[in-house]
Amino acid sequence: MQRIEKEFKDMTSKDSLYSIGRDSNNLFKWNAMIQGPEGTPYAGGMFSIDIKFPKNYPFTAPKFTFKTQIYHPNINSEGSICLDILKDKWSPPLTVEKVLLSITSLLADPNPDDPLVGEIGELFKSNKFLFNQRAREWTERHA
């Protein structure tokens, strides 16, 4: 609980790259807003991500879920994110801010070799122009 409080304070009291809010009734539920990185089909978009902390945080990773629809090989239609540090590469020194930075990096540099959505991963590898076009359309429509 103290760790969650400290991270929230750190992210709201400085010039964080991310906008953070939390449920006033449940300190274990946060929402983050991230900007689509410049130079990507997500540029200009604002993406909402729900964050749910397990009771044994920081020993177990929080659950990050995209609430904004996004066309990406590593993020599915339910908002689940395929990112190693949210699974087997999680370690207690990681923070919410570091995970959000990794998610932003994933938007800029998708991993089509470990896709959560196979057909989007294939399109990214076979026709990047069409992938970028679709991702931009989704960003304009949803973000």
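Going by an unreviewed UniProt entry, the protein carries the name UBC core domain-containing protein and comes from Brassica napus. Regarding the protein, the relevant UniProt record gives this comment under Sequence similarities (unreviewed entry): "Belongs to the ubiquitin-conjugating enzyme family."

1. As for the side chain of Thr139
By the element assignment, Thr139 lies in helix H4 (residues 128-142). Excluding its chain neighbours within four sequence positions, the residues that come into contact with Thr139 are Pro41, Tyr42, Ala43, Gly45 and Phe47.

2. Observations regarding helix H2 (residues 96-108)
With 13 residues, H2 ought to run about 18 Å at 1.5 Å a step, and its terminal C-alpha atoms sit 19 Å apart, in line with that. Residues of H2 that are buried include every one of Val96, Val99, Leu100, Ile103, Thr104, Leu106 and Leu107, and no others. In an axial view of H2, the angular spread of the buried residues amounts to 155°, which keeps them on one side of the axis. Looking at the buried side of H2, the elements it contacts are helix H1 (2-12), strand S1 (19-23), strand S2 (26-35), strand S3 (46-52) and strand S4 (63-66).

3. Some thoughts on the environment of Pro37
Position of Pro37 among the secondary structure elements: in the loop between S2 and S3. The class of Pro37 is buried, set by a relative accessible area of 13%. Residues Pro37 and Thr104, 67 residues apart in the sequence, show an inter-C-alpha distance of 6.8 Å. Discounting residues that sit within four places of it in the chain, Pro37 has contacts with Tyr42, Ala43, Thr104, Leu107 and Ala108.

4. Describing the side chain of His72
For His72, the location among the structural elements is in the loop between S4 and H2. Reaching out from His72, the side chain makes a polar contact with the backbone oxygen of Leu106 at a distance of 3.0 Å. Setting aside its immediate chain neighbours within four residues, His72 contacts Tyr42, Leu106, Leu107, Pro110, Val117 and Ile120.

5. Let's talk about the packing of aromatic side chains
Under the defined criterion, the tally for this structure stands at 9 aromatic pairs. Ring geometry for Tyr42 and Phe47: centres 6.2 Å apart, planes at 75°, overall edge-to-face. A residue is classified by how much of its surface remains accessible, and Tyr42, at 1% relative accessible area, is buried. Among the residues examined, Phe47 registers a relative accessible area of 0% and is labelled buried. Seen in terms of ring centroids, Tyr71 and Trp138 are 5.4 Å apart; in terms of plane orientation they differ by 55°. Their pairing is tilted. Taken as a pair, Tyr71 in the loop between S4 and H2 and Trp138 in helix H4 lie far apart in primary sequence, 67 residues in all. Accessibility expressed as a relative area gives 7% for Tyr71, which makes it buried. For Trp138, a relative accessible area of 27% corresponds to the partly exposed category. Over the face of the ring belonging to Phe8 we find Arg22, whose NZ or CZ atom lies 3.9 Å from the ring centre.

Rules used throughout
- Residues numbered from 1 in each chain as written.
- Predicted model: local features only at pLDDT ≥ 70, side-chain atom pairs only at ≥ 80, totals over all residues.
- Heavy atoms only, no water.
- UniProt positions renumbered as here; feature names shortened; annotations may be inferred.
- Helix = DSSP H or I, 4+ residues; strand = E, 2+ residues; numbered from the N terminus.
- Contact = heavy atoms within 4.5 Å.
- Expected span 1.5 Å × (residues − 1).
- Buried < 20%, exposed > 50% of the residue type's maximum accessible area, 1.4 Å probe, protein only.
- Arc of directions from axis to C-beta.
- Polar contact = N/O pair within 3.5 Å; in protein donor to acceptor, adjacent residues only side chain to side chain.
- Phe/Tyr/Trp six-rings, centres within 6.5 Å; stacked < 30°, edge-to-face > 60°.
- Lys NZ or Arg CZ within 6 Å of the ring centre and 35° of its normal.

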